[in-house]
Amino acid sequence: MKIPFVTLQNQHKMLQEPFLEKVKKALDDSSFILGKEVEEFEAAYGQFSGTTYCLGVGNGTDALKICLQALDIHVEDEVILPANTFVATAIAVSLTGAKPIIADVDAQSFNLSAKNIQQQLSPSTKAIIPVHLYGNPSPMHEILQLAKENSLHVIEDNAQAQGAQVDGKTTGSFGTINATSFYPSKNIGALGDAGAITTNNVELYNKARLLRNLGSENKYVHEIVGNNSRLDTLQAAFLSLKLPLLHGWNTERRKIAKRYAENLSGCTNIILPQTAGNSVFHLYVIRSNERNELQNFLHSEGVQTLIHYPLPIHLQPAFSYLGYGKGDFPVAETLCDEVLSLPLYIGMTDDEIDYVCEKIMQFYK
Ligand SMILES: *Cc1c(COP(=O)(O)O)cnc(C)c1O
């Protein structure tokens, strides 16, 4: 059996006709940048997230950067983020001129905890970026409490967790202003690059609006120096077609995760994800002491897996200027050596899940 790590084909098959209609409409209207389709998607995604405001932008990295810029975070400021995340979280901070401050992660959730953050606080700390890694929400109550005590902003990086909830409240609605990505393989993805910002704060929303469009609200008048990071009309139209399906897709992801967990519960050589039950499983990530050998074996049996992520932020060449070294964040470093992401996609069959599990157990026989 051949099992890809991810395929979007099952998801897109049923949407082909509506997608093509949207392309035709864009051609008929000659509308390609911002416009009515973008406003409609923003309203729908804001409602989905439980926030008053939503702003479509070019991608998730820009969404994070614009959140930081809207909060006026700049050179000499420090922003705390987890050692184990996709590099864009840290790059967005660097691009504002502020300093990314890395914190180790919790060994169970792989996310930041208040304790991890506490250790990195300084008089220059201005904000915290919790990442809901693999779709598993960070402990938002304790993080918000710590932020409040220290007058810090919280920016959620919700790129991997659209639709996840903590105590009935949707991720992307906890922080002062929050970012998400609609990169094609996220839980809801565009057919290209796209991202969004969510907030309940009207001033930050208005500032972010300027920051995404060269500082301009009225054509050819530019209030501030801003980015060019607008959401394409077509991408917004595609996303509007997908959004009503997202809760169902997240349910399917949870079912796949449940079957993995049931099948693999007897395999004592690996550690299964421990997610308190509310993850939307952007990824299903196991841990193994023999990760590389297991990955090679699965590959030889037709099962494609990936590693998220092989290098923690503090050991990335791009961040050597921060002066961190090996051993600084031991939990994140151990995770990088042991994590393995199993195939997970909409339309994955029970037979496919069972085959992956069978092969993992065969490796340990
Ligand atoms: C995908 C992702 C981003 C960046 O999103 P892009 O749209 O690719 O710029 C940021 N943070 C995390 C955690 C991500 O997974």
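The structure we're discussing is the one just above.
What you are looking at is a predicted structure, and each value in this text was computed from that prediction instead of being measured.

Draft legend 1. Region of interest: the overall build of the protein chain. Secondary structure summary: the protein chain contains 13 helices and twelve strands in total. Taking the principal axes of the C-alpha coordinates as reference, the protein chain spans close to 70 × 55 × 35 Å. The buried share of the protein chain, taken over its 365 residues, is 54%. When contacts within the protein chain are restricted to residue pairs at least 6 apart in sequence, long-range pairs at least 24 apart make up 71% of them. The protein chain carries 29 positive and 39 negative side-chain charges, and their two centres are separated by 3 Å.

Draft legend 2. Molecular detail of the side chain of Asn178. Topologically, Asn178 is positioned in strand E8 (residues 177-181). Among the polar contacts made by the side chain of Asn178, one reaches the main-chain amide nitrogen of Glu156 at a distance of 3.0 Å.

Draft legend 3. Looking closely at unusual backbone geometry. Along the chain, His308 connects to Tyr309 via a cis peptide bond; the corresponding omega equals 10 degrees. The topology assignment puts Tyr309 in the loop between helix H11 (291-300) and helix H12 (330-338). Residues other than glycine seldom take positive phi values, yet Ser151 does so here, at roughly 50 degrees. Here Ser151 falls in the exposed class, since its relative accessible area comes to 66%.

Draft legend 4. Structural detail: the sheet that holds strand E3 (residues 99-103). Read across the sheet, four strands follow the order E3-E2-E4-E5 without closing on themselves; strand pairing throughout is parallel. Only two strands of the sheet have a single neighbouring strand rather than two, namely E3 and strand E5 (153-154). Across five bridges, the pairing between strand E2 (residues 78-82) and E3 is parallel. For Pro82, the partnering residue across the bridge sits in E3 and is Ala103.

Draft legend 5. The arrangement of the pattern of salt bridges in detail. One pass over the structure, following the stated rule, counts 13 salt bridges. Here Glu37 ties to Lys22 by a salt bridge, and the two come within 3.7 Å at their closest N and O atoms. Within this pair, whereas Glu37 is found in helix H3 (residues 36-49), its partner Lys22 is found in helix H2 (residues 16-29), the two being separated by 15 residues in sequence. Since its relative accessible area comes to 22%, Lys22 is described here as partly exposed. A salt bridge links Glu42 to Arg212; the shortest N-O distance between them is 2.8 Å. Of this pair, Glu42 sits in helix H3 while Arg212 sits in helix H8 (residues 202-212), and the two are 170 residues apart along the sequence. Of the residues examined, Arg212 reaches a relative accessible area of 5% and is grouped as buried.

Draft legend 6. The arrangement of the sheet that holds strand E12 (residues 339-342) in detail. Within the open sheet, the three strands sit side by side as E10-E11-E12. Their pairing is antiparallel. Each edge of the open sheet carries a strand with a single partner, namely strand E10 (270-271) and E12. Note: strand E11 (residues 284-288) against E12, four bridges, orientation antiparallel. Within E12, the residue paired with Ile286 across the bridge is Leu340. Where helix H10 (residues 246-264) meets the sheet, its contacts fall on E10, E11 and E12, and the angle it forms with E11 comes to roughly 25 degrees. Of the strands in this sheet, E11 and E12 are in contact with H12, which crosses E11 at around 95 degrees.

Draft legend 7. Inspection of the site of the ligand at higher detail. Taken together, 14 residues lie near the ligand, and Gly60, Thr61, Asp157, Ser181 and Lys186 sit nearest. Contact distances for the ligand include 2.8 Å between an oxygen atom and a side-chain N or O atom of Gln160. Note that an oxygen atom of the ligand is positioned 2.7 Å from one of the side-chain N or O atoms of Ser181. In the complex, 93% of the free accessible area of the ligand, which totals 380 Å², lies under the protein chains. Within the residue set of the shell around the ligand, elements represented by two or more residues are helix H4 (60-70) and helix H5 (88-95). When its residues are assigned to classes, the shell around the ligand shows five nonpolar, seven polar and two charged.

Conventions adopted
Residues numbered from 1 in each chain as written. Predicted model: local features only at pLDDT ≥ 70, side-chain atom pairs only at ≥ 80, totals over all residues. Heavy atoms only, no water. Helix = DSSP H or I, 4+ residues; strand = E, 2+ residues; numbered from the N terminus. Buried < 20%, exposed > 50% of the residue type's maximum accessible area, 1.4 Å probe, protein only. Contact = heavy atoms within 4.5 Å. Lys, Arg positive; Asp, Glu negative; His and termini not counted. Charge placed at Lys NZ, Arg CZ, Asp CG, Glu CD. Polar contact = N/O pair within 3.5 Å; in protein donor to acceptor, adjacent residues only side chain to side chain. Pairing = 2+ DSSP bridges. Salt bridge = Lys/Arg side-chain N within 4 Å of Asp/Glu carboxyl O. Axes fitted to C-alpha atoms, helices over the stretch in contact; angles between N-to-C directions. Near = heavy atom within 4 Å. Areas by Shrake-Rupley, 256 points an atom, 1.4 Å probe, with all protein chains shown as cover. Nonpolar A, V, L, I, M, F, W, Y, C, P; charged D, E, K, R; others polar.

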